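# An overview of the molecular structure
Listed here are the chains, written in short residue letters.
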Amino acid sequence: MPGLHITDQQVHRYMSQRRHHSQAVAAAKAGISERSARRIDKDPRLPSQQNRKRHWRTRPDPLEQVWPRVEELLKIDGILSVTIFETVQDEFGEDAFPDGVRRTLERRIARWRALNGGEKEIIFAQHHAIGRQGLSDFTVCDDLRITIGGECFGHRLFHFRLACSGWEHAAVVLGGESFTALSEHLQDALWKLGGVPAEHRSDSLSAAYKNLNADAQCDVTRNYEALCRHYGMTPTRNNKGVAHENGSIEAPNGHLKRRLDQALRRRGSRDFASIEDYRRFVEKEVAKQNRRRAKLFEEERRLLEPLPPRRTTDFTLVSADVTRNSTISIDRVIYSVPSRLIGRRLHAHLFDDRIDLFLGPDRVMTTNRIRVSHPGRGHSIDFRHFVANLKRKPQALRYMVYRDALFPSHAYARAWHTLDAALDARQACRTMVALLDIAANGNCIEALARRIEAFLDANELPEIAGLKSEFLPAMRARDHVTIPPPDFVGYNRLLASGQVL
């Protein structure tokens, strides 16, 4: 019907201009035709107030034949539009129901569901009282494509945030989601924050329960409640699989990763020399964002509860016996330890990125924590734990179970294969052990590796005597110690002075 394209706003503009101009001028200023202006003068009602709904079709309804069947399918809970389309096409044939009507069907289904469908879940907007709630979550960061020394670095970020002011803390997590990582990094956030919110909200901790039996899951729950109780926070969790219940941290997860991605683009590289360099990068970007919220944060911090006198346990405690091989087994990974600990039971404090080993109250060693996917196994071998014994039994190197893991870098592994091919078995083992001994006692793993590579690139075998002279100067000095004769004249003069008691 003519005039249906005119909007309420155009009518308002025309009526405003009509008070001061002729019909033709007012129509031109309102952007309508003179014919439409004449209709408005005859009937000044707005288009939205006029009943001009069209009651006829301009073309046949392509869904008329199949719509009763579509309504039957719509009674199935959770059925998708594409499933309905494919079902109807299978039943009626592609000739009667071609691909071209799929979008028409989807629009008709969407309208039917808006008019006749069931209730949809409502996301209720929340008021966040100042100082009341802190939230935390883990978020996977594979999309950032971070590399460490050129190697792909798969990791997560632990993300803590105050719901009201938006103050946040982020920490790089090397392993998966676990209570240990939650405890360690949540406490880091609270102590950096300088106070405690009344409530801490997390997700369902389902990832922390993964591969745990029922008793271990109960332990995680009790530990989480004890952690919150230590800080005086009320622990709350959203329902499993309902991420929007933790929406005040889920959406900021995406904002945080987007800011990091933009900072990486400005940086011009996603590669970092070390994990510590990457951690400093993340901390810098988070601190930059916190400065923008400083005013509101200062208001919220004044209402936070005080911190307790000390932190609580932020690690998992396990015990491990040191075997005759000078190794311990923790979480499907073999770690080497100093041989003096053979036969002793060590207590291991498992953090997200490291393991501290204790003999009673004394910490004897700290090592990086190695992660392996279930049911795989791994090992972390430090050659310095074996060098002294290998000097006494060098041929044990040849068939040592963890021989290849013993070499601290590719240069040493290359040296072994070259020596093994060029020398007899006994001499190859002795020479290789001598190289490891120089690296251990000279604390020169990387520098010695470069010298070894130079020998091998020149098709020469490493020359042990020369390398000892180069990297162990202290040893050379002890070989040429000169002791001067006693100074009797000076001693007699001292006695004569009477200064000797």
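Residues numbered from 1 in each chain as written. Predicted model: local features only at pLDDT ≥ 70, side-chain atom pairs only at ≥ 80, totals over all residues. Heavy atoms only, no water.

A tally of regular secondary structure across the protein chain gives 19 helices and 15 strands. Classification of the 501 residues of the protein chain by burial places 38% in the buried group. A sequence separation of at least 24 residues applies to 62% of the contacts in the protein chain between residues at least 6 apart. (Helix = DSSP H or I, 4+ residues; strand = E, 2+ residues; numbered from the N terminus. Buried < 20%, exposed > 50% of the residue type's maximum accessible area, 1.4 Å probe, protein only. Contact = heavy atoms within 4.5 Å.)

Before going further, it helps to examine unusual backbone geometry. Within the chain, Arg-145 stands out as a residue other than glycine whose phi angle is a positive 55°. Within the element layout of this structure, Arg-145 appears in the loop between strand S1 (133–140) and strand S2 (147–148). One non-glycine residue with positive phi stands out, namely Ser-326, at about 65°. Inspection of the secondary structure assignment puts Ser-326 in the loop between strand S9 (316–321) and strand S10 (327–330).

Moving on to the sheet that holds strand S12 (residues 345–350). Ordered in space as S9-S12-S13-S14, the four strands form an open sheet in which the pairing is antiparallel. Each edge of the open sheet carries a strand with a single partner, namely S9 and strand S14 (362–368). Each strand axis lies, on average, 25° off the axis of its neighbour in the sheet, ignoring direction. (Pairing = 2+ DSSP bridges. Axes fitted to C-alpha atoms, helices over the stretch in contact; angles between N-to-C directions.)

On to the pairing of S1. Of all eight residues in S1, seven are buried, a share of seventy percent or more. Relative to strand S6 (residues 199–202), S1 is paired through three bridges, and the arrangement is parallel. Opposite Gln-133, over in S6, you have Glu-199 as the bridge partner. Both S1 and strand S4 (residues 156–162) contribute to a ladder of seven bridges, which runs antiparallel. Each residue of the ladder has a partner; that of Phe-138, found in S4, is Phe-158.

Attention now goes to the environment of His-200. In this fold, His-200 is placed in strand S6. Taking the C-alpha atoms as reference points, His-200 and Arg-132, separated by 68 residues in sequence, lie 8.7 Å from one another. In this view, His-200 contacts Gly-134, Leu-135, Ser-136, Phe-160, Leu-182, Leu-186, Tyr-224, Cys-228, Met-233, Thr-234, Pro-235 and Thr-236; residues no more than four positions away in its chain are not counted. At 2.7 Å, the side chain of His-200 forms a polar contact with the side chain of Ser-136. (Polar contact = N/O pair within 3.5 Å; in protein donor to acceptor, adjacent residues only side chain to side chain.)

The subject of this paragraph is the confidence of the model for the protein chain. Of the residues in the protein chain, 89% have a pLDDT of 70 or more, and the chain-wide mean is 86. Within the protein chain, strand S8 (residues 271–272) carries the highest mean pLDDT (96), whereas helix H18 (residues 473–479) carries the lowest (54). (pLDDT = per-residue confidence, 0-100.)

Turning our eyes to something else, we now look at the nonpolar core. Leu-406, Tyr-412, Met-432, Leu-435, Leu-436, Ile-438 and Leu-448 are the most contacted members of the largest nonpolar core, which has 33 residues in total. Listed by contribution, the elements that provide at least two residues to this core are helix H12 (387–392), helix H14 (410–422), helix H15 (425–442), helix H16 (445–457) and helix H17 (464–471). With nine residues, H15 is the largest single contributor of residues to this core. Beyond its immediate stretch of four places on either side in the chain, Leu-436 contacts Phe-383, Val-387, Leu-406, Phe-407, Pro-408 and Tyr-412. (Core = buried A, V, L, I, M, F, W, Y, C linked by side-chain atoms within 4.5 Å.)

Moving on, we come to the side chain of Ser-326. Judged by its relative accessible area of 3%, Ser-326 is buried. Within the structure, Ser-326 has its side chain in polar contact with the backbone oxygen of Val-337 (distance 2.5 Å). Residue contacts for Ser-326: discarding those within four places in its chain leaves Tyr-335, Ser-336, Val-337, Pro-338, Ser-339, Ile-342 and Phe-386.

This paragraph deals with the packing of aromatic side chains. Enumeration over the complete set of coordinates arrives at nine aromatic pairs. Here Phe-272 and Phe-281 contribute two aromatic rings whose centre-to-centre distance is 5.3 Å and whose plane-to-plane angle is 55°, an arrangement assigned as tilted. Accessibility expressed as a relative area gives 3% for Phe-272, which makes it buried. Among the residues examined, Phe-281 registers a relative accessible area of 11% and is labelled buried. For the pair Phe-315 and Phe-351, a centre-to-centre distance of 5.5 Å together with 55° between the ring planes defines the contact as tilted. Here Phe-351 lies in the loop between S12 and strand S13 (354–359) and Phe-315 lies in the loop between helix H11 (294–301) and S9, a separation of 36 residues in the sequence. Residue Phe-315 is classed as partly exposed on the basis of its relative accessible area, which comes to 23%. Residue Phe-351 is classed as buried on the basis of its relative accessible area, which comes to 6%. Each member of the aromatic cluster is reached from another via a ring pair, and the members are Phe-153, Phe-272, Tyr-278 and Phe-281. Across from the ring centre of Phe-272, 3.8 Å away, lies the NZ or CZ of Arg-267, which sits over that ring. (Phe/Tyr/Trp six-rings, centres within 6.5 Å; stacked < 30°, edge-to-face > 60°. Lys NZ or Arg CZ within 6 Å of the ring centre and 35° of its normal.)

Our focus in this paragraph is the pattern of salt bridges. Overall, the coordinates contain 36 salt bridges when judged by the stated rule. The shortest N-O distance in the salt bridge between Arg-279 and Glu-276 comes to 2.9 Å. Of this pair, Arg-279 and Glu-276 are both found in helix H10 (residues 275–292), three residues apart, which corresponds to roughly one turn of the helix. Judged by relative accessible area, which is 15%, Arg-279 ranks as buried. On the basis of relative accessible area, Glu-276 is assigned to the partly exposed category, the value being 41%. Put simply, Asp-404 and Arg-403 hold a salt bridge, and the shortest N to O gap is 3.3 Å. (Salt bridge = Lys/Arg side-chain N within 4 Å of Asp/Glu carboxyl O.)

The next subject is the packing of helix H2 (residues 23–30) against helix H3 (residues 34–42). At a minimum axis separation of 9 Å, H2 and H3 run at an interaxial angle of 110°. Looking at the two axes, H2 sits roughly perpendicular to H3. From H2, Gln-23, Ala-24 and Ala-27 reach across to H3, where they touch Glu-34, Ala-37, Arg-38 and Asp-41. Its residues assigned to classes, the contact of H2 with H3 comprises three nonpolar, one polar and three charged. (Parallel < 35°, antiparallel > 145°, perpendicular 65-115°, else oblique. Nonpolar A, V, L, I, M, F, W, Y, C, P; charged D, E, K, R; others polar.)

Moving on, we get to the environment of Asn-325. In this structure, Asn-325 sits in the loop between S9 and S10. Taking the relative accessible area as the measure of exposure, Asn-325 reaches 55% and is therefore exposed. Along the primary structure Asn-325 and Gly-343 are separated by 18 residues, whereas in three dimensions their C-alpha atoms are 10.0 Å apart.

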